[in-house]
Amino acid sequence: MNFSQITDDLFIGTTPSVKDYDQLRDQGVRLVINMRFTYGPRPDPHESPLLLLWLRTIDSPFFPIPIAKLILGAQAALDTINSGGKVYVHCAYGRHRGPAMGSSILIAQGHDPESAMKLIAERRSVADPYAFHIRPRIMKFAREWNGRK
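The following refers to the structure shown. As the structure is a prediction and not an experimental result, all values here were calculated from the model.

We now examine the pattern of salt bridges. On inspection of all chains with the given rule, the structure shows six salt bridges. One salt bridge connects Arg-95 with Asp-128, and the closest N-O pair in it is separated by 3.9 Å. Residue Arg-95 is located in the loop between strand 5 (86–90) and helix 3 (97–108), and its partner Asp-128 is located in the loop between helix 4 (113–123) and helix 5 (135–147); the two are separated by 33 residues in the primary sequence. Assessed through its relative accessible area of 38%, Arg-95 is described here as partly exposed. Looking at Asp-128, the relative accessible area reads 22%, which means it is partly exposed. Across the pair Lys-140 and Glu-144 runs a salt bridge, and its minimum N-O distance is 4.0 Å. Here the residue Lys-140 and the residue Glu-144 both occupy positions in helix 5, the gap between them amounting to four residues, near one helical turn. One network of salt bridges, in which partners are shared, links Asp-22, Arg-25 and Asp-44.

The next thing to look at is helix 2 (residues 67–82). For helix 2, which comprises 16 residues, the first-to-last C-alpha distance of 22 Å matches the rise-based estimate of 22 Å (1.5 Å per residue) to within 8%. If you check which residues of helix 2 are buried, you get Ile-67, Leu-70, Ile-71, Gly-73, Ala-74, Ala-76, Ala-77, Leu-78, Thr-80 and Ile-81. In this structure, the buried residues of helix 2 make contact with strand 3 (29–34), strand 4 (51–54), strand 5, helix 3 and helix 5. Backbone geometry just after helix 2 places Gly-84 at a positive phi near 95 degrees.

Each value, and the rule that gives it
- Residues numbered from 1 in each chain as written.
- Predicted model: local features only at pLDDT ≥ 70, side-chain atom pairs only at ≥ 80, totals over all residues.
- Heavy atoms only, no water.
- Salt bridge = Lys/Arg side-chain N within 4 Å of Asp/Glu carboxyl O.
- Helix = DSSP H or I, 4+ residues; strand = E, 2+ residues; numbered from the N terminus.
- Buried < 20%, exposed > 50% of the residue type's maximum accessible area, 1.4 Å probe, protein only.
- Expected span 1.5 Å × (residues − 1).
- Contact = heavy atoms within 4.5 Å.

Laid out in structure tokens, this is it:
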């Protein structure tokens, strides 16, 4: 498992296996957000399982990430963080969809979109929240999230 700690409460990386769940649990992670389309989360057999949220999305400029899914993930992350847990977000490589969700979580926590994307790009070298099909989704999420207040 390849992951990066973005903040005290947020990690972004690749798809964890069931054996990786203990490592996430040791980091304080309580919620795993899966942004993959065809590879769903594997159930956590632990007696206190991690909460697994599968938000099926495609990494394609032809099928933009639905803003409703970013809102759902950001709200679930805020609920987890506010109750003392941490969040692990992943897609296949931790390059586009995971950073889009991670940016959305940071925005929901009060970061402006540019600082959220910059922080993720600095802390996860393979992340590209500035990709031409990802950045507009992050910016649109920010407008919609901030418009809800």
